[in-house]
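An overview of the molecular structure
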Amino acid sequence: MTTSIKTVSTQPFEGQKPGTSGLRKRVKIFQQPHYTENFIQAILDSIPKSEGGAVGATLVVGGDGRYYLDEVLQVIVKLSAAAGVSKLIVGKDGIVSTPAVSHLIRQRKATGGILLTASHNPGGPDNDFGIKYNMSNGGPAPENVTNQIYEITKTIKEYKTADVPKVDFSQLGTQRAGDLVIEVIDGVTDYIDMLKSIFDFDAIKDFFNSNKNYKVLFDGMNGVTGPYGYRLFVEELGLPESSVMRFKPLPDFGGAHPDPNLTYAHDLVERVNNEGYDFGAASDGDGDRNMIIGGNHAFVTPSDSVAIIAHYAKDAIPYFKKNGVHGLARSMPTSLALDLVAKKQGLEHFEVPTGWKFFGNLMDAKRCSICGEESFGTGSDHIREKDGVWAIMAWISIIAFVNKQSPGSSVHDILQKHYNIYGRNFFSRYDYEDVEGKGADDMVSRLSEKINSGEWIGKSFGGFQVKTMDNFSYNDPIDGSVSNGQGIRIIFEDTSRIVVRLSGTGSQGATVRLYVEKYSSNPAEYANATQEALKPLIDVALELSQLESYTGRKEPTVIT
Ligand code: VG1
Ligand code: CO
């Protein structure tokens, strides 16, 4: 079949720089003529030669179902066909969760994947869209590739598009657009099969069967994980339909913010506390984040979550029983709870910059099996993205395992048990969203000056004595690449920390993230409320950063 390929003249758009996790902008920006085409062309041209390049490539394409997905899918078809891509593997209606895309890339030995999501950012005509490229290992493109994409967008003059009819993604099966083969698949089945190879479904079913009153509530937040959660909890594990809520993906997530934290998953939190649920969990728009809560207001911070999963991994999860745990890793702002588990187990542990792309090299080199971020991201080397539903299954596995030994153990009990072994790392993050960029930059500049002058070293603030201060820099031990300027750290003599960094995922204004952490090995404090325990340190953080005067904000938008 001959397909006519057109070369279209275009001009660069400013700001097509991929952030922490791909390019995220308002839908209206993506809707500008040529805007999306420019970026897709830049991706196709940046697929590294070492990965085979675009010609002859097999790409997995999937998104979280948000508004504008349909239009972008057609752009990908036309530009891929023109670029000589051989095959696109696409989810039905274009819907596949981020972790499921990562799995599919690996399973099908694809060249890479294009993910159409702005993750936890709201969707709809007035909100966000996003595009991200993943490599053949299933993980987000590393900085050398995202920099290459950005460089191309700055000088792009034309793109190539194939004149092919509109593709219907609502039918499973194989079709063609010119020479390009398009396989439309059910994005849920392979993923559920993968979970079955990781977790002991029989042990989990046994637990539910012998604890008939144990109530679970999963909140899909009208994002992509609804169908996954329904299949898993209702169809596979046999829980009642009342165990899932907001499980239908909606293009605007029902007008809500699909971010699983105590603020945006408020409905879930209320229901778990008021309706006697024992376990509650939510995932974000694209399915890579998770939040775990228990009855009676038990909240598992993501930093504790990854530490607890690492603690139980080999006992409670067959995948780790079989493959072992090679090492652990966390992003820099994530609390040190995971390091304590690594030390006790004699494992290597790593501290990487914010963003999942930094874990991939460690995993490929078999030096990291379990990793996490404080931002509700938890995962393992089964794929190369964080994985919300996996984390929820890991927790259910742990609950089943612990209850076998000590029946009646709640989420709260599991937390306290962990603190009794390791001590407790109190941790909180304050987000100040959509602040004025200049104020945020000036605040960071001033802190950088304090690093350079060293004037705070040795001084005490509110009883906390400053030990070191730096702007975090990461030296990748696998490929030797260096990533500078990854966040200001103020580290105190008692190991408490304050971290300040600017978000790389927002689409409007700047978002300041302030992280505070304080360790306690005093059992009398383990049950204390986080905000009270951290109050003195938060006061120090606000004083040292002068956040209020730089941003004009008295209160954060979200406290985690
Ligand atoms: C945020 C989180 C970071 C996470 C990233 C992508 O980035 O802090 O830990 O990896 O989002 O998550 P930033 O630069 O805004 O702090 V997701 O679920 O949006 O892909
Ligand atoms: Co996400």
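This is a predicted model, so every value here is computed, not measured.

The rules behind these values
Residues numbered from 1 in each chain as written. Chains lettered and ligands numbered in written order. Predicted model: local features only at pLDDT ≥ 70, side-chain atom pairs only at ≥ 80, totals over all residues. Heavy atoms only, no water. 1 Å grid on protein atoms, 1.4 Å probe; cavity = no way out; pocket = protein on both sides within 12 Å on 5 of 7 lines; lining within 4 Å. Points joined across faces, edges and corners; volume = space filled by probe spheres on them. Helix = DSSP H or I, 4+ residues; strand = E, 2+ residues; numbered from the N terminus. Nonpolar A, V, L, I, M, F, W, Y, C, P; charged D, E, K, R; others polar. Near = heavy atom within 4 Å. Polar contact = N/O pair within 3.5 Å; in protein donor to acceptor, adjacent residues only side chain to side chain. Sits in = over half its atoms within 2 Å of the grid points. Buried < 20%, exposed > 50% of the residue type's maximum accessible area, 1.4 Å probe, protein only. Contact = heavy atoms within 4.5 Å. Axes fitted to C-alpha atoms, helices over the stretch in contact; angles between N-to-C directions. Parallel < 35°, antiparallel > 145°, perpendicular 65-115°, else oblique. Left-handed = near helix turned anticlockwise from the far one by under 90°. UniProt positions renumbered as here; feature names shortened; annotations may be inferred. Lys, Arg positive; Asp, Glu negative; His and termini not counted. Salt bridge = Lys/Arg side-chain N within 4 Å of Asp/Glu carboxyl O. Donors = N, O, S within 2.8 Å, 3.2 Å for Na, K, Ca; no water. Pairing = 2+ DSSP bridges. Core = buried A, V, L, I, M, F, W, Y, C linked by side-chain atoms within 4.5 Å.

Once that is clear, we can look at the layout of surface pockets. Empty space within the largest pocket amounts to approximately 730 Å³. Taken together, 34 residues form the lining of the largest pocket, with Gly19, Thr20, Leu502, Ser503 and Gly504 sitting closest to its centre. Elements represented by at least two residues in the lining of the largest pocket include exactly strand E2 (23-26), helix H5 (143-155), strand E23 (482-483) and strand E25 (497-502). Ranked by residues supplied to the lining of the largest pocket, first place goes to E2 with four residues. Of the residues contributing to the lining of the largest pocket, the split by class is nine nonpolar, 18 polar and seven charged.

Moving on to the site of ligand 1. Every one of the 19 residues lining ligand 1 counts as a neighbour, but Thr20, Ser119, Ser375, Ser503 and Thr505 are closest to it. Arg513 is positioned with one of its side-chain polar atoms (N or O) 2.6 Å from an oxygen atom of ligand 1. Taking a 2 Å distance to the grid points as the criterion, the majority of the atoms of ligand 1 fall inside the largest cavity. Partitioning the shell around ligand 1 into residue classes produces no nonpolar, 10 polar and nine charged.

As a further point, take the side chain of Asp284. Take Asp284: it is sitting in the loop between strand E12 (279-283) and strand E13 (290-294). Since its relative accessible area comes to 0%, Asp284 is described here as buried. At a separation of 3.0 Å, a polar atom in the side chain of Asp284 contacts the main-chain amide nitrogen of Gly287. A distance of 3.0 Å separates a polar side-chain atom of Asp284 from the backbone nitrogen of Arg289. Apart from residues no more than four positions distant in its own chain, Asp284 is found in contact with Ser119, His120, Thr225, Pro258, Asp259, Pro260 and Arg289.

Put simply, helix H8 (residues 225-236) and helix H14 (residues 388-405) touch, their axes get as near as 11 Å, and they point 30 degrees apart. Regarding the angle of H8 to H14, the classification is roughly parallel. As for the relative orientation of H8 and H14, their crossing is right-handed in sense. Residue-level contacts link Thr225, Leu232 and Phe233 of H8 to Val389, Ile392, Met393 and Ile396 of H14. Its residues assigned to classes, the contact of H8 with H14 comprises six nonpolar, one polar and no charged.

Bringing the UniProt feature "domain: Alpha-D-phosphohexomutase alpha/beta/alpha" (unreviewed entry) in the chain into the picture now. Here, UniProt's "domain: Alpha-D-phosphohexomutase alpha/beta/alpha" (unreviewed entry) annotation points to residues 16-159, 190-293 and 305-420. Annotated as residues 16-159, this span is 38% helix and 23% strand, and its ends, taken at the C-alpha atoms, are 15 Å apart. Each end of residues 305-420 is marked by a C-alpha atom, and these two atoms are 15 Å apart; helix forms 52% of the span and strand 16%.

Residue position: Arg424 is located in strand E19 (residues 424-435). Although Arg424 is buried, it makes no salt bridge; Asp304 carries the closest opposite charge, 4.8 Å away. A polar side-chain atom of Arg424 sits 3.3 Å from the main-chain carbonyl oxygen of Asn528. A distance of 3.2 Å separates the side chain of Arg424 from the side chain of Thr530, its partner in a polar contact. If we ignore the near neighbours within four places in the chain, the residues touching Arg424 are Tyr419, Lys518, Tyr519, Ser520, Tyr526, Ala527, Asn528 and Thr530.

Protein coordination at the cobalt ion (ligand 2) comes from Ser119 (OG), Asp284 (OD), Asp286 (OD) and Asp288 (OD), with a distance range of 1.8 to 2.1 Å. Written as a sequence motif, the donor arrangement for the cobalt ion (ligand 2) is S-x164-D-x1-D-x1-D. With a gap of 165 residues between them, Ser119 in the loop between strand E5 (112-116) and strand E6 (128-134) and Asp284 in the loop between E12 and E13 connect regions that are remote in the sequence.

Looking now at the sheet that holds strand E11 (residues 244-245). Taken in spatial order, the five strands of this open sheet run E11-E10-E12-E13-E14, and their pairing is mixed. Of all the strands in the sheet, the pair left with one neighbour each is E11 and strand E14 (298-300). Of the strand pairs in this sheet, E12 and E13 are connected by five bridges, and their pairing is antiparallel. Bridging from a neighbouring strand, Ser283 pairs with Asn290 of E13. Against the sheet, H14 makes contact with strand E10 (216-219), E12, E13 and E14, and its axis sits at roughly 165 degrees relative to E12, the strand it touches most.

Moving on, we get to empty space enclosed by the protein. This structure, assessed with the given rule, holds two cavities of 30 Å³ or more. Quantified by volume, the largest cavity comes out at close to 340 Å³. What lines the largest cavity is a set of 35 residues, among which Thr20, Ser21, Arg24, Gly355 and Thr505 lie closest to the centre. A total of three residues in the lining of the largest cavity trace back to one element, the largest contributor, which is E6. By residue class, the composition of the lining of the largest cavity is 10 nonpolar, 13 polar and 12 charged. Estimated volume of the second largest cavity: approximately 50 Å³. Asp259, Asn261, Arg289, Glu374, Ser375, Phe376, Arg429, Asp431 and Thr560 together form the lining of the second largest cavity.

So, on to the nonpolar core. Membership of the largest hydrophobic core comes to 75 residues, with the highest contact counts inside it found for Leu195, Phe279 and Trp395. It is H14 that contributes the most residues to this core, 12 residues altogether. Those residues within four positions of Phe279 in sequence are excluded, and the remaining contacts are Tyr214, Lys215, Val216, Leu217, Ile292, Ile293, Ile392, Trp395, Ile396, Ile399 and Val411. In this structure, Ile43, Leu69, Phe169 and Ile182 belong to the second largest nonpolar core, which totals 47 residues.

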